[in-house]
Amino acid sequence: DAKTTQPPSMDCAEGRAANLPCNHSTISGNEYVYWYRQIHSQGPQYIIHGLKNNETNEMASLIITEDRKSSTLILPHATLRDTAVYYCIAPLLSGGYNKLIFGAGTRLAVHP
Amino acid sequence: EAQVTQNPRYLITVTGKKLTVTCSQNMNHEYMSWYRQDPGLGLRQIYYSMNVEVTDKGDVPEGYKVSRKEKRNFPLILESPSPNQTSLYFCASSLSGTGGTEAFFGQGTRLTVV
């Protein structure tokens, strides 16, 4: 499965954009990139996913480089409620299913 | 509202006393799985199920059992709990286990085995 690398922690001022990077240099052509977040000890929450093209939804934008070796999750106007651990995941389709492997993620702290 | 429901949310039990943590989803999802989360170890998959009557081991299946008799339910069974199974447990479901589908997680069950 593709290994992802994320910075352990980041800070962001409330109202500013939070840009969370992720390296996935070993990703293969059919592997999606997913982003989830976990607030405190709640269940992980899906944010967005993409394969090749950039994606945007009501929560965030996902920018994937052309070579697909890295991506950036963008929270356009971070709020205090966005403080969470963000996981970048590139599951491998193996045995007929995608296995989500959670690393340590990036702990994002949004401050006033 | 689309959701994955786990029960109980909190449980303290004694070593060796069989327990079941229930998980139910209302989205007609085929794929369901169980994770445990421990400090410093992150989320690890215990078991997963591709559909009714189809289950398989994840990364840390020892000491756990599951069943999938109906599509919506995927209970986690601890036949003889031990203190090393003290953890935060999450159930998840997705439309399928293949690419391009998002997973929905339950709110978690915090289990303490004394």
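Just above sits the structure.
Below or above, wherever it landed, is the structure these notes cover.

1. Let's talk about the state of the cysteines
Piece 1. For the structure on display, the rule yields two disulfides over all chains.
Piece 2. In this model Cys22 of chain A forms its disulfide with Cys88 of chain A; the gap between the sulfur atoms is 2.1 Å. Linking Cys22 of chain A and Cys88 of chain A, the disulfide has an S-S dihedral of approximately -80° and is accordingly described as left-handed. Taken together, the positions of Cys22 of chain A in strand β2 (residues 18-23) and Cys88 of chain A in strand β8 (residues 84-89) put the pair 66 residues apart, joining distant regions of the chain.
Piece 3. The disulfide partner of Cys23 of chain B is Cys91 of chain B, and the gap between their sulfur atoms is 1.9 Å. Measuring the twist about the S-S bond at about -75°, one finds the Cys23 of chain B-Cys91 of chain B disulfide to be left-handed.

2. Description of the pattern of salt bridges
Residue and element names in this part refer to chain B.
Piece 1. Inspection of the entire model under this criterion finds six salt bridges over all chains.
Piece 2. With a closest N to O distance of 4.0 Å, Lys18 and Glu79 form a salt bridge. With Lys18 in the loop between β2 (10-13) and β3 (19-25) and Glu79 in the loop between β8 (76-78) and β9 (87-94), the pair connects residues that are 61 residues apart, well separated along the chain.
Piece 3. Classification of Lys18 by relative accessible area gives exposed; the value is 51%.
Piece 4. The partner of Glu79 in a salt bridge is Lys65, and the shortest N-O contact between them spans 2.9 Å. Of the two residues, Glu79 is situated in the loop between β8 and β9 and Lys65 in strand β7 (residues 65-66); the sequence distance between them amounts to 14 residues.
Piece 5. Residue Lys65 is classed as partly exposed on the basis of its relative accessible area, which comes to 41%.
Piece 6. A single network of salt bridges, built from pairs that share partners, joins Lys18, Lys65 and Glu79.

Thresholds, definitions, all that
- Residues numbered from 1 in each chain as written.
- Chains lettered and ligands numbered in written order.
- Predicted model: local features only at pLDDT ≥ 70, side-chain atom pairs only at ≥ 80, totals over all residues.
- Heavy atoms only, no water.
- Disulfide = S-S within 2.5 Å.
- Helix = DSSP H or I, 4+ residues; strand = E, 2+ residues; numbered from the N terminus.
- Salt bridge = Lys/Arg side-chain N within 4 Å of Asp/Glu carboxyl O.
- Buried < 20%, exposed > 50% of the residue type's maximum accessible area, 1.4 Å probe, protein only.

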